[in-house]
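Now for the letters of each chain:
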Amino acid sequence: MKINYLKYVLFLLLSIVAGISNDILAQESSGWIQVEELSQWKLVLSSDKVKVYSKVQSCDDANGFPMNKLMLRVENLTKKYIAVDWDCRMYYNQRLANPNGTSPEFHKRIPLRPKQTYETTCDNQYRDITIYVSLVGREAAEEMKQIEFFNFKIYE
């Protein structure tokens, strides 16, 4: 009876450790990226399982205000279902947005099917994933100058 109990405890501990290892910190930070460098797709986060690219694209919103948005392309390189998480910090002009990294609006999570590539567009369905950069043609408006992606995690 005692041996079965020890086997159960050992199995439980191994299951917990296996569950924790499925939450993989893939990369601590992208470092600060100049937004002006994002005119074309640029690799901003990566691991052997996932690649995340970003670029700035001009979009018209439903109210007719053209704005630049940060688009994302996430590639699942595995044959597994996964979810990818990260947080963002941004400099708008001289103001740091999300300095502590705790604001939910700057936390991104994207679930992916095996070998799936997820890519945002100007469509409204991606409004929680895309990030505002600036209004088009308005010099006085707030404008993102730098961005940092951090706390990059992959869940299997």
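Residues numbered from 1 in each chain as written. Predicted model: local features only at pLDDT ≥ 70, side-chain atom pairs only at ≥ 80, totals over all residues. Heavy atoms only, no water.

Draft legend 1. Structural context of the pattern of salt bridges. Going through the model one piece at a time under the given rule, you end up with eight salt bridges. In this structure, Glu-37 engages Lys-42 in a salt bridge whose closest nitrogen and oxygen atoms are separated by 2.8 Å. Taken together, the shared-partner salt bridges connect Lys-49, Lys-80 and Glu-156 into one network. (Salt bridge = Lys/Arg side-chain N within 4 Å of Asp/Glu carboxyl O.)

Draft legend 2. Quick peek at the packing of aromatic side chains. Scanning the model with the defined rule gives three aromatic pairs in all. Here the aromatic rings of Tyr-92 and Tyr-132 are separated by 6.3 Å at their centres, their planes lie at 20 degrees, and the arrangement is stacked. Within this pair, whereas Tyr-92 is found in strand β6 (residues 82-92), its partner Tyr-132 is found in strand β10 (residues 131-135), the two being separated by 40 residues in sequence. Residue Tyr-92 is classed as buried on the basis of its relative accessible area, which comes to 6%. Using a relative accessible area of 28% as the deciding quantity, one classes Tyr-132 as partly exposed. (Phe/Tyr/Trp six-rings, centres within 6.5 Å; stacked < 30°, edge-to-face > 60°. Helix = DSSP H or I, 4+ residues; strand = E, 2+ residues; numbered from the N terminus. Buried < 20%, exposed > 50% of the residue type's maximum accessible area, 1.4 Å probe, protein only.)

Draft legend 3. Expanded view of the state of the cysteines. This structure, assessed with the given rule, holds one disulfide. In this model Cys-59 forms its disulfide with Cys-122; the gap between the sulfur atoms is 1.9 Å. Its torsion about the S-S bond being -70 degrees, the disulfide of Cys-59 and Cys-122 is classed as left-handed. Taken together, the residues span a long stretch of sequence, with Cys-59 in strand β4 (residues 50-60) and Cys-122 in the loop between β9 (117-119) and β10 at a distance of 63 residues. (Disulfide = S-S within 2.5 Å.)

Draft legend 4. Broad picture of the pairing of strand β5 (residues 66-76). Counting buried positions along β5 yields 10 of 11 residues, so the element is predominantly enclosed. Pairing analysis gives 11 bridges linking β4 to β5, with the strands arranged antiparallel. Bridging from a neighbouring strand, Gln-57 pairs with Lys-69 of β5. Relative to β10, β5 is paired through four bridges, and the arrangement is antiparallel. By the bridge assignment, Lys-69 is partnered in β10 with Tyr-132. Examined bridge by bridge, β5 and β9 share three bridges and lie antiparallel to one another. What sits directly across from Arg-73, in β9, is Glu-119. (Pairing = 2+ DSSP bridges.)

Draft legend 5. Region of interest: the confidence of the model for the protein chain. In this model, the protein chain carries a mean pLDDT of 82, and residues with pLDDT of at least 70 account for 79%. Considering each helix and strand of the protein chain separately, the mean pLDDT is smallest for helix α1 (residues 2-21), with a value of 42, and largest for β9, with 96. Below a pLDDT of 50 lies the segment residues 4-22, which in the model reaches three contacts outside its immediate sequence neighbourhood of four places, other chains included. (pLDDT = per-residue confidence, 0-100. Contact = heavy atoms within 4.5 Å.)

Draft legend 6. Representation of unusual backbone geometry within the structure. Positive phi is not limited to glycine here, since Asn-98 has a value of about 65 degrees. Non-glycine residue Lys-115 carries a positive phi angle of around 60 degrees. Relative to the assigned elements, Lys-115 resides in the loop between β8 (107-112) and β9.

Draft legend 7. Focus on the nonpolar core. Among the nonpolar cores identified, the biggest contains 30 residues, and Val-52, Trp-86, Ile-147 and Phe-149 are the most heavily contacted of them. Taken together, the elements giving at least two residues each to this core come down to β3 (42-46), β4, β5, β6, β8, β10 and β11 (144-155). Here the element with the most residues in this core is β6; it accounts for six residues. Discounting residues that sit within four places of it in the chain, Trp-86 has contacts with Leu-45, Val-52, Leu-72, Val-74, Phe-106, His-107, Lys-108, Ile-110, Phe-149, Phe-150, Asn-151 and Phe-152. (Core = buried A, V, L, I, M, F, W, Y, C linked by side-chain atoms within 4.5 Å.)

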